[in-house]
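Tertiary structure, described
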Amino acid sequence: MRSLTSPGSLVTIAGAALSVIGWVGYATANPNLSLPTIFYGIPILLGGLALKSSELPPAELQAPDAAVLPLRQLPASQTLRKLVKDVTRWRYGQKAHLESSLEALKLWDEDAPPQLVSVTELAVDGAYGVALRFRAEGVPYPRWQEKQDRLGRFFDKGLQAKLSQPGSGEVLLELLPA
């Protein structure tokens, strides 16, 4: 259902509907209806199909605990809130969420990039934290461990990264206040 409400899908559906209305208007010899709807419908349909072909769905946001809700509003959690907002929206023209960040951290494999699967908001010792679950794909877990010290500092000063391997081929990155 989520893929049907993506911006790419909505534009494609609108373009297809306008095109069909235009062709029906053409078939019934109604130039006032056929000309504008075909004229606008086909480009909108093509634009929607282009969006759909480069679409990256949002990462799944796990339901937070009640303790997390008041911590979101703290000024110290602004960077992590922006991170959560960024990865839980539709992206276009990217292979994976956080693509540029993972490239800068040298945690990128062009053929099999890490894929962000889910995001969980955490309450840790009265502070706001975030857990990011990746399918590691072509980046082995030891390479993530080499970058552990840099991972927290990369997103914001005062953050520390904690890594674990919950399953085969998965990496859990927790960004917590230091």
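Residues numbered from 1 in each chain as written. Predicted model: local features only at pLDDT ≥ 70, side-chain atom pairs only at ≥ 80, totals over all residues. Heavy atoms only, no water.

**What to know about the packing of aromatic side chains**
All told, the structure shown has four aromatic pairs when counted by the stated rule. For the ring pair Trp-23 and Tyr-26, a centre distance of 5.9 Å and an interplane angle of 85° mean the geometry is edge-to-face. Of the two residues, Trp-23 and Tyr-26 both sit in helix α1 (residues 7–27), three residues apart, roughly one turn of that helix. Ring plane angle 45° and centroid distance 5.1 Å describe the contact between Phe-134 and Trp-144, whose orientation is recorded as tilted. Of this pair, Phe-134 sits in strand β5 (residues 127–135) while Trp-144 sits in helix α6 (residues 141–146), placing them ten residues apart in sequence. (Phe/Tyr/Trp six-rings, centres within 6.5 Å; stacked < 30°, edge-to-face > 60°. Helix = DSSP H or I, 4+ residues; strand = E, 2+ residues; numbered from the N terminus.)

**What to know about the side chain of Ser-34**
Of note, Ser-34 is situated in helix α2 (residues 31–53). Since its relative accessible area comes to 8%, Ser-34 is described here as buried. (Buried < 20%, exposed > 50% of the residue type's maximum accessible area, 1.4 Å probe, protein only.)

**Details of the sheet that holds strand β6 (residues 159–164)**
Read from one edge to the other, the open sheet built from five strands follows the order β2-β4-β5-β7-β6, with strand pairing classed as mixed. Strands with a single pairing partner mark the edges of an open sheet, and in this sheet they are β2 (60–61) and β6. Two elements, β2 and strand β4 (residues 115–124), share two bridges in a ladder whose sense is parallel. The residue bridging Glu-60 from the neighbouring strand is Ser-118, located in β4. In this fold helix α4 (residues 78–87) packs onto β2, β4, β5, β6 and β7 (170–177), with an angle of close to 35° to the strand it touches most, β5. Here helix α7 (residues 148–155) sits on the sheet and contacts β6 and β7; the angle it forms with β6, its principal contact strand, is near 135°. (Pairing = 2+ DSSP bridges. Contact = heavy atoms within 4.5 Å. Axes fitted to C-alpha atoms, helices over the stretch in contact; angles between N-to-C directions.)

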